[in-house]
Amino acid sequence: MEKIKAIQIVKPEELRIIEMDKPVIDGKNNVLVKVKASGMCGSDVGIYHGQNAAATYPRVIGHEIVGEVVEAGPSAKKVKPGDRVIIDQVTACGHCYACRIGRPNVCQHLAVRGVHIDGGYREYIAVPDTDCYLLPDDLRYEDAVLIEPTTIAIQACSRAQITSEDEVLIMGCGALGSRMLSVAKLSGAKIIVADVVDEKLEEALKNGASHTVNLLKENLDEKLKEYTTDAYGPTLSIDCACTKDSLGTLIRVTGNAGRVITMGFSVAPTEVTQFGITSKELDIRGSRLQNRKFQEAIDLVREGKIDLHQKISHTFHFTDAQKAFDFNDTHDPSIRKIVFTFDN
Ligand code: MN
Ligand code: ZN
């Protein structure tokens, strides 16, 4: 059996470059993709450090997977050898309630590539052709990994039913928050971004935020009154910080009849009151992964509405994975997005 190399998290805090059997295509996974680039996401870091309750070990992680189709079985209609693709990370049962109502991203038997089943930090992966989406020709593989976080932002805005009427608070402006800003602003809504790092807030202003709040230096409640019409507060708050207290904060600051979108996986208890939700008739909605949003994200990139160039800050060859995760742990302020490359 031919062997390939992969990055495996053996157990929390233990990373190894392993050899595994090269995947072979079959009736279900009918396309073989040579992985060209794979992004490092907060959830990958969480699995490495044992902070992702959903993950099982040992695991080849990585769910931001782009590459070139090198083999396609007879049943593959959507892609052919030579195609440049990004791979949907969600696999679902197709039969449960969530699947039947068209929400496979929260399937009862959800299996996410790189979390519950082996993902994209390896040289080859076999997947169904229907999970492959063609990349825009002018987008480098390294930049194309950002289509995945873009789909996550599209999902959150879809769950939020965002409109141009909204005055939106995006809490946190790291990799997820900045993708959220670029997608949310397409709705025409006014957007306020809060974070603790001035450089990130300056970038947010350049990228379409109308106001920013530095949570370490300014009073969030007062600033939101100042920045929203009639001191109403945000009509939509999206939690891209996902800290222990962020949900409680968003329930407090969001205006009457508003929506609060949660995206975090923290299991730390946080205090919320029924009054805080009922008195304002807030909608608290979770947004997990994405529900077949890849084509929408790719179309936005192709139309020039989303720009994914110059957003990657660091690339590492995948065999230097330990160095990359160690560097990420330094929280160097230059880090925006780390991407693994796979060509020798
Ligand atoms: Mn991701
Ligand atoms: Zn299902």
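Quantities reported herein were computed from a predicted structural model and do not represent experimental measurements. (Residues numbered from 1 in each chain as written. Chains lettered and ligands numbered in written order. Predicted model: local features only at pLDDT ≥ 70, side-chain atom pairs only at ≥ 80, totals over all residues. Heavy atoms only, no water.)

**Overview of the pattern of salt bridges**
Enumeration over the complete set of coordinates arrives at 23 salt bridges. For the salt bridge of lysine 80 with aspartate 83, the shortest nitrogen-to-oxygen distance reads 3.1 Å. Between aspartate 221 and arginine 252 there is a salt bridge, and its shortest N-O distance comes to 2.8 Å. Of the two residues, aspartate 221 is situated in helix 7 (residues 220–227) and arginine 252 in helix 8 (residues 246–253); the sequence distance between them amounts to 31 residues. Of the residues examined, aspartate 221 reaches a relative accessible area of 25% and is grouped as partly exposed. Taking the relative accessible area as the measure of exposure, arginine 252 reaches 49% and is therefore partly exposed. (Salt bridge = Lys/Arg side-chain N within 4 Å of Asp/Glu carboxyl O. Helix = DSSP H or I, 4+ residues; strand = E, 2+ residues; numbered from the N terminus. Buried < 20%, exposed > 50% of the residue type's maximum accessible area, 1.4 Å probe, protein only.)

**Thoughts on the domain arrangement of the protein**
With domains assigned, the protein is organised as domain 1 (3–146 + 308–341) and domain 2 (150–286). Relative to domain 2, the C-alpha centre of domain 1 lies at a distance of 28 Å. With 7 residues of domain 1 at the contact, the number on the domain 2 side is 9 residues. Regarding the contact of domain 1 and domain 2, the summed buried area is about 710 Å², with carbon and sulfur atoms giving 42% of it. When the buried area of domain 1 at its contact with domain 2 is split by residue, Arg103, Leu146 and Arg336 rank highest and sum to 50% of it. The tally of links from domain 1 across to domain 2 stands at 1 salt bridge. (Domains from an automatic or database assignment. Contact = heavy atoms within 4.5 Å. Buried area = accessible area lost by both parts, 1.4 Å probe.)

**Observations regarding the coordination of the zinc ion (ligand 2)**
Taken together, Cys93 (SG), Cys96 (SG), Cys99 (SG) and Cys107 (SG) make up the full set of protein donors to the zinc ion (ligand 2), lying 2.3 to 2.4 Å away. Mapping the donors of the zinc ion (ligand 2) onto the primary sequence yields the spacing C-x2-C-x2-C-x7-C. Residue cysteine 96 is found in the loop between strand 7 (90–91) and helix 2 (97–100), and its partner cysteine 107 is found in the loop between helix 2 and strand 8 (111–112); the two are separated by 11 residues along the sequence. For cysteine 96, a relative accessible area of 8% puts it in the buried group. (Donors = N, O, S within 2.8 Å, 3.2 Å for Na, K, Ca; no water.)

**A few points about the coordination of the manganese ion (ligand 1)**
Around the manganese ion (ligand 1), the protein contributes the donor atoms Cys41 (SG), His63 (NE2), Glu64 (OE) and Glu148 (OE), which lie 2.2 to 2.6 Å from the metal centre. All donors to the manganese ion (ligand 1) come from one chain, and their sequence spacing reads C-x21-H-E-x83-E. Taken as a pair, cysteine 41 in the loop between strand 3 (31–39) and helix 1 (42–48) and glutamate 64 in the loop between strand 4 (59–60) and strand 5 (65–72) lie far apart in primary sequence, 23 residues in all. Given the relative accessible area of 21%, cysteine 41 is considered partly exposed.

**Examining unusual backbone geometry**
A cis geometry characterises the amide bond from tyrosine 57 onward to proline 58, with omega recorded as -10 degrees. Structurally, the position occupied by proline 58 is in the loop between helix 1 and strand 4. With a phi close to 70 degrees, glutamate 13 is a non-glycine residue in the positive phi region. Relative to the assigned elements, glutamate 13 resides in the loop between strand 1 (3–11) and strand 2 (14–21). Under the relative-accessibility criterion, glutamate 13 is labelled partly exposed at 47%. Phi at glutamate 281 is positive, roughly 50 degrees, even though this residue is not glycine. Of note, glutamate 281 is situated in the loop between helix 9 (274–278) and strand 16 (283–286). The class for glutamate 281 is exposed, based on a relative accessible area of 66%.

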